[in-house]
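# Observations on the three-dimensional arrangement
Given next are the chains, with one letter for each unit.
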Amino acid sequence: MVRNVIVGCGISGAVTARILAEQFGESSLLIDARPHIGGNCYDFYDHNHICIHKYGAHIFHTDLRRVWEYLSRFTQWYPYMHKVLGFIDGQFVPIPFNLNSIRMTFPEFLARRLEEKLVIRFGFGSRISIQELRKSEEKDLVFLANHIYTKVFLGYTQKQWGVTPDKLDPAVLERVPVYVSRDDRYFRNRWQGIPRHGYTAMIASMLEHPRITVKTDTSWNDVKEEFRGSDVRIFYTGPVDELLDWRFGELPYRSVRQDFHEFDREFFQPAAVVNYPENHDFTRISEYKYFLADQASRTVVSFEYPSAWKRGENEPAYPVAGEDSHRLHRQYVEAAREEYGHIHFLGRLGDYRYYDMDKAVARVFSVTEAL
Ligand code: UDP
């Protein structure tokens, strides 16, 4: 007898199934409408033996020891440290913007002055948001802030979200701060890496348990009549507006398209990810062989094109944070609870939160602990 149905076989769904199997001794049916497991973390090895992230680059990083240790039961890690370059005014500069980016951008006398002022005002090693820097009272720092705002944030954010940065929930921009340091890494978290054999292998290993049954190519609509009115618990990681046939209207999401290209050369670009804040329709290019140091004479990249989500045309990837959208999400969650009883929402789409992978896992911990 199945005790739980889990909709969506991404990292949230897989961790849920494993916890229910191991800690609760309960069986789960895990379904996914796509033909594969892994959700948006899905990766695969191509004919060059390069591990490709089908839905765009995923880099694991966390300060949550418990999450790191939990996932480490199912994979070894390649200690990849993520670096991003921004292609700005014809050169590649480290993103987040840091003291090295300043050196590359401005004449030496000015760079030194800006560095000094940053270090004195904020302290070496600090992390500041672009909004905070823009509020500076020091003229030089306002000049610097305006430069970074215009060159790094403005164009990229318009492409990614369809609005200027001031219309965005400030937490989104805070994901990418300005660093008063010479460390070019994108993340500062204690634990960072890529699953040694890919995310799909990590998730497959999690799902190898006699109390877990996985069915791909199976949507909630295919099975819902079987479970309606039963005692079965539902864990739903998909879009909640779709679950209720958009009865209160559509929730806003952003979608991204990856355009893959293969080149007959060893490397395409000088880092795994290069951001293009200006002058291009795409936001960034990811080059996949960097993530696991795959050895191949050819290389594969994807150009990332964001757009608004349109029902039936593309897939939702990011929730759009805002008072209205969160209110509408809550309305859906309440209606779904009334209709289905034991239903829990997880993951970026189900919970309508801009979770990184580690936060999605932490959310599963807290939801399952409260059962
Ligand atoms: N961002 C930007 N320029 C950049 C990098 C990021 O304007 O070069 C902004 C943009 O609004 C983006 C947000 O910061 O959506 C968060 O960036 P992050 O790299 O965390 O996005 P993700 O990898 O989750 O798509």
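Look up a bit, the structure's there.
Okay, so let's go over this structure. The structure displayed is predicted, hence computed values, not measured ones.

## Remarks on the site of the ligand
If you check the shell around the ligand, you find 16 residues, and the closest are Trp161, Arg175, Tyr186, Tyr318 and Tyr354. Tyr186 is positioned with one of its side-chain polar atoms (N or O) 2.5 Å from an oxygen atom of the ligand. Here an oxygen atom of the ligand sits 2.9 Å away from a polar atom, N or O, in the side chain of Arg284. Its free accessible area being 520 Å², the ligand has 94% of it covered by the protein chains. Of all the secondary structure elements, the ones that give two or more residues to the shell around the ligand are helix 6 (139–161) and helix 7 (170–174). The element that contributes the greatest number of residues to the shell around the ligand is helix 6, accounting for 6 residues. Classifying every residue of the shell around the ligand by side-chain character gives 11 nonpolar, 3 polar and 2 charged.

## Thoughts on helix 4 (residues 108–122)
Its 15 residues give helix 4 an end-to-end C-alpha distance of 21 Å, which sits within 8% of 21 Å, the value for a rise of 1.5 Å per residue. Those residues of helix 4 lying buried are Leu110, Ala111, Leu114, Glu115, Leu118 and Phe122. Here the buried residues of helix 4 occupy an arc of 135° about the axis, which is enough to place them on one side. Helix 4 presents Phe109, Glu116 and Ile120 as exposed residues on the side facing more than 90 degrees away from its buried surface. Those residues of helix 4 hidden inside the fold are in contact with helix 3 (99–105), strand 9 (127–128), helix 5 (130–134) and helix 6. Just downstream of helix 4, Gly123 is the residue with a positive phi angle, here 95°.

## Re the pattern of salt bridges
Enumeration according to the criterion identifies 30 salt bridges in this entry. For Arg34, the salt bridge goes to Glu315, with nearest N and O atoms at 3.1 Å. Residue Arg34 is found in the loop between strand 2 (28–31) and strand 3 (43–45), and its partner Glu315 is found in the loop between strand 17 (299–308) and strand 18 (318–319); the two are separated by 281 residues along the sequence. According to the relative accessible area criterion, Arg34 is buried, its value standing at 13%.

## Focus: the packing of aromatic side chains
The final tally for this structure, using the stated rule, is 28 aromatic pairs. Measuring from ring centre to ring centre gives 4.3 Å for Trp68 and Trp77, while their planes differ by 20°; the resulting arrangement is stacked. One aromatic cluster is present, built from ring pairs that chain together Phe87, Phe92, Phe263, Phe268, Tyr276, Phe282, Phe303 and Tyr305. A cation over a ring is seen here: Arg134 above Tyr149, with NZ or CZ 3.6 Å from the ring centre.

## Examining the pairing of strand 11 (residues 191–195)
Successive residues of a regular strand alternate their side chains across the two faces of the sheet. Within strand 11, 5 of the 5 residues are buried, leaving the element largely enclosed by the surrounding structure. One ladder, built from 3 bridges, connects strand 5 (residues 60–62) with strand 11; its direction is antiparallel. Bridge pairing in strand 11 places Thr62 opposite Trp191. Where strand 6 (residues 77–78) and strand 11 come together, 2 bridges link them in antiparallel fashion. Within the sheet, the bridge partner assigned to Tyr78 lies in strand 11 and is Ile194.

The rules behind each value
- Residues numbered from 1 in each chain as written.
- Predicted model: local features only at pLDDT ≥ 70, side-chain atom pairs only at ≥ 80, totals over all residues.
- Heavy atoms only, no water.
- Near = heavy atom within 4 Å.
- Polar contact = N/O pair within 3.5 Å; in protein donor to acceptor, adjacent residues only side chain to side chain.
- Areas by Shrake-Rupley, 256 points an atom, 1.4 Å probe, with all protein chains shown as cover.
- Helix = DSSP H or I, 4+ residues; strand = E, 2+ residues; numbered from the N terminus.
- Nonpolar A, V, L, I, M, F, W, Y, C, P; charged D, E, K, R; others polar.
- Expected span 1.5 Å × (residues − 1).
- Buried < 20%, exposed > 50% of the residue type's maximum accessible area, 1.4 Å probe, protein only.
- Arc of directions from axis to C-beta.
- Contact = heavy atoms within 4.5 Å.
- Salt bridge = Lys/Arg side-chain N within 4 Å of Asp/Glu carboxyl O.
- Phe/Tyr/Trp six-rings, centres within 6.5 Å; stacked < 30°, edge-to-face > 60°.
- Lys NZ or Arg CZ within 6 Å of the ring centre and 35° of its normal.
- Pairing = 2+ DSSP bridges.

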